[in-house]
Amino acid sequence: MRCFIGLILLVSSLQLQAKVSARVDRTEVTMGESFTLEITIGETSTVAPDLSVLEPVFQVAHTNQRSFTQNVNGQISRETIWQVVLFPQSVGDHVIPPIEINGEFTQALSIKVVKPDPAAQGGGDFFIEIEPSKTEAYVQEEIGLIVRLFYRVTPRNASLSEPVGDGLIVQPVNKSVQYQVQRNGSNYNVLERRYALYSENSGKATLNPIVFNGEVADGQRQSFSMFQRGRPVRFISDMLEFNIKSIPQSFIGKPWIPAELVELKQSWSQSNSYKAGEPITRTVELTVKGLSENQLPDLIMPDIEGAKIYADTADTLGQQDGKSLISTKTMKFAVIPNAAGMLEIPEYKLAWFDTVNQQMQFATLSAESIPISASAIEVSAQPVEPVVNEQARVNGADMSGDLIPESINLWRSSPWMWISFGLALLWLSTVTSWYFTRRRTTSVSNVVADKVSVLDDKQLRLQLQSSDPAILQQALILWWNRQHAQQVTNLSSIAEQMHDISTAQALLQLQASLYQPSQEQPQTNWLKLIKSGGFKQQSSGAKTNSQELPPLYQ
């Protein structure tokens, strides 16, 4: 009885084990090729097999699942088949371990992976070529890389991986190019891509293999044809190693620019006359062949005697000529001369490393001389020599002894002279009083007009109290053009028309702070200055020196 029960349990166990089975379509494959693992379950099941046990020896490409039900002479049978496409990860003898499904396990399977035959390359349907421009380079030096995929059969669902390597920065140089070539008597279609590689560190740098994945139609594998979308194909390129050298000692502390070509150009803002105190825009353009736009350094221009320099933001542009990267950085500098005269711009040299000739080179901006004229404020502040009639000076000197006694005698001899003198003084004081009263009334009217013009525009009033020099510049120019029906575009044009030199200097200082955020701004209450009449405009032809005559005597 016990033997009978044991026999039943053994048979049941065998039947249970027979419900799950596995097989492969090939037991020997070449590295880079795929093979198919088929798992059969003797029942209808939606539970997927646990494929995690295949890692890291095999890579799972994709899976398919189908279920079948058959009725033969009243006997109903059900079956579920899983098809798994695998790529071996290394060469050698490997074992596919038992795979668990619903608590049951498949049997273990053996698979042999062999190296591809180098002599066979070029004779198959697919192969990959990689061609570096050099295998030895300096840190941050461009290494050109060409990747070519050769194929005789058009694949489906194809993909070609991008170059990747530890410590390497990869940038595409062009879009994919397709053409046809002949290799070993066979015609191939070619997909070609170009890249630029840069290493940030010295030492050995490794480029991982380029991987091609795709599917092709295969009429020879009929056993799995009901599931096949196409026979998977996979090809892997060789690995590349690069020797990266350190930056030369001669460039320590200097901008490091390893390139095939470097050019420097400069231009100046166009003007009929450059004036002291007014900014001149200097534009410097750096063009480098062999570096990306992110690798271009910021240039520091040398000091210019007699002028201040303020750097503006830089713009970069990246291009390519189909073989290499070409990058451009455009930098603008505001140069403000301090005084009139010749402004001498010194020569500027930029050292760079010629990767073609393996030596240091220099890109140069030549020296220039720019004539600077005096500003309107400086001209008006110059002293004016009084014009004296030479003949009157001589006559006055010769007759001085005679005139004084005569005038004394005249005043003593005639009382009517005293009466006339008193009437003249009375008339003069009356006229003077009228003049100053009229002038005070006009000044008050101007201040009231200024107050109204500012206070009526709430937005403008707020802008005039801003701490942002750009907003202040815009508000002052807007207010000035409204008050004086002008169309000035900069603060220096307003400063030239100022009656008050201190106000003019504050305007020029505010303008200078626009070109460098760290420049100290004038501590000026612009709204209060406008209301108090500090923005009074010079009258036409007026002098601002101490010898100016009152309007009464003009």
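This is a predicted model, so every value here is computed, not measured.

Our focus in this paragraph is the nonpolar core. Core analysis: the biggest nonpolar cluster contains 24 residues, and I128, L145, V147, L149, L160, F212 and F242 have the highest contact counts within it. Those elements giving two or more residues to this core turn out to be β10 (126-132), β12 (143-151), β17 (186-199), β18 (203-207), β19 (211-216) and β21 (240-245). When residues in this core are grouped by element, the largest group, five residues, is from β12. The contacts of L145, once residues within four sequence positions are left out, are E131, P132, P163, R193, R194, Y195, L197, L207 and L240. Grouped together as the second largest cluster of nonpolar side chains are 22 residues, A259, L286, L325 and Y348 included.

Ordered in space as β2-β9-β6, the three strands form an open sheet in which the pairing is mixed. The sheet is open, and its two edges are formed by β2 (28-30) and β6 (92-96), each paired on a single side. Each strand of the sheet is rotated relative to its neighbour by a mean of 30°, with strand direction disregarded. Where β2 lies against strand β9 (residues 109-114), three bridges are found, and the strand directions are parallel. Across the sheet, residue E28 finds its bridge partner in β9, namely K112.

In this section: the side chain of S492. Among the structural elements, S492 can be located in helix α7 (residues 491-495). Looking at S492, its side chain comes within polar contact range of the side chain of N490, at 2.5 Å. Excluding residues that lie within four positions of it along the chain, S492 makes contacts with E278, L508 and Q511.

Relative to the helices and strands, N481 resides in helix α6 (residues 469-484). Relative accessible area serves as the criterion here: at 17%, N481 is assigned to the buried category. Remark: the alpha-carbon pair of N481 and I494, spanning 13 residues in sequence, is separated by 9.4 Å. Not counting the four nearest positions on each side in its chain, N481 is found in contact with Q486, Q487 and V488.

Inspection of the secondary structure puts E278 in the loop between β24 (274-275) and β25 (280-289). Despite its burial, E278 pairs with no opposite charge, the nearest such side chain being K275 at 4.9 Å. Ignoring any residue separated from it by four or fewer positions in sequence, one finds E278 in contact with V335, I336, P337, S492, E496 and Q511.

Applying the stated criterion to the full structure yields 14 aromatic pairs. Summarising the aromatic geometry, the rings of F251 and F353 are spaced 6.3 Å apart at their centres and angled 85° between planes, so their arrangement reads as edge-to-face. Of this pair, F251 sits in the loop between β21 and β22 (258-259) while F353 sits in strand β29 (residues 348-354), placing them 102 residues apart in sequence. As far as burial versus exposure is concerned, F251 and F353 are alike and both buried. Taken together, the ring pairs in this structure connect Y138, F251, W256 and F353 into an aromatic cluster. The residue whose ring lies beneath R234 is F87, and the NZ or CZ to ring-centre distance is 5.0 Å. Positioned over the ring face of F362 is K349, at 5.8 Å from the centre of the ring.

Taken in spatial order, the three strands of this open sheet run β24-β31-β28, and their pairing is mixed. Lying at the two open borders of the sheet, with one neighbouring strand each, are β24 and β28 (341-345). One ladder, built from five bridges, connects β28 with strand β31 (residues 368-373); its direction is antiparallel. Bridge pairing in β31 places L343 opposite I370.

Turning to the pattern of salt bridges, a few remarks are in order. By the definition in use, this model includes 13 salt bridges. Its salt-bridge partner being D321, residue K289 comes within 3.4 Å of it at the nearest N-O pair. Pair noted here: K289 is in strand β25 and D321 is in the loop between β26 (307-320) and β27 (325-337), with a separation of 32 residues, a long-range link. Looking at K289, the relative accessible area reads 25%, which means it is partly exposed. We classify D321 as partly exposed; its relative accessible area is 39%. With its nearest N and O atoms 2.8 Å apart, the salt bridge here joins K329 to D298.

The end-to-end C-alpha distance of helix α8 (residues 501-513), which contains 13 residues, comes to 19 Å, matching closely the 18 Å that a straight helix rising 1.5 Å per residue would cover. Those residues of α8 that sit buried are T503, A504, A506, L507, L510, Q511, A512 and S513.

For the protein chain, mean pLDDT is 78; residues scoring 70 or higher make up 75% of the total. No element of the protein chain has a lower mean pLDDT than helix α1 (residues 2-18), which averages 41, and none a higher one than β22, which averages 96. Taken together, the stretch residues 220-227 has pLDDT below 50 and engages in 17 contacts with residues farther than four places along the chain or on a different chain. The model gives residues 387-411 a pLDDT under 50, and that stretch makes five contacts with residues more than four places away or in other chains.

Conventions used here
Residues numbered from 1 in each chain as written. Predicted model: local features only at pLDDT ≥ 70, side-chain atom pairs only at ≥ 80, totals over all residues. Heavy atoms only, no water. Core = buried A, V, L, I, M, F, W, Y, C linked by side-chain atoms within 4.5 Å. Buried < 20%, exposed > 50% of the residue type's maximum accessible area, 1.4 Å probe, protein only. Helix = DSSP H or I, 4+ residues; strand = E, 2+ residues; numbered from the N terminus. Contact = heavy atoms within 4.5 Å. Pairing = 2+ DSSP bridges. Axes fitted to C-alpha atoms, helices over the stretch in contact; angles between N-to-C directions. Polar contact = N/O pair within 3.5 Å; in protein donor to acceptor, adjacent residues only side chain to side chain. Lys, Arg positive; Asp, Glu negative; His and termini not counted. Salt bridge = Lys/Arg side-chain N within 4 Å of Asp/Glu carboxyl O. Phe/Tyr/Trp six-rings, centres within 6.5 Å; stacked < 30°, edge-to-face > 60°. Lys NZ or Arg CZ within 6 Å of the ring centre and 35° of its normal. Expected span 1.5 Å × (residues − 1). pLDDT = per-residue confidence, 0-100.

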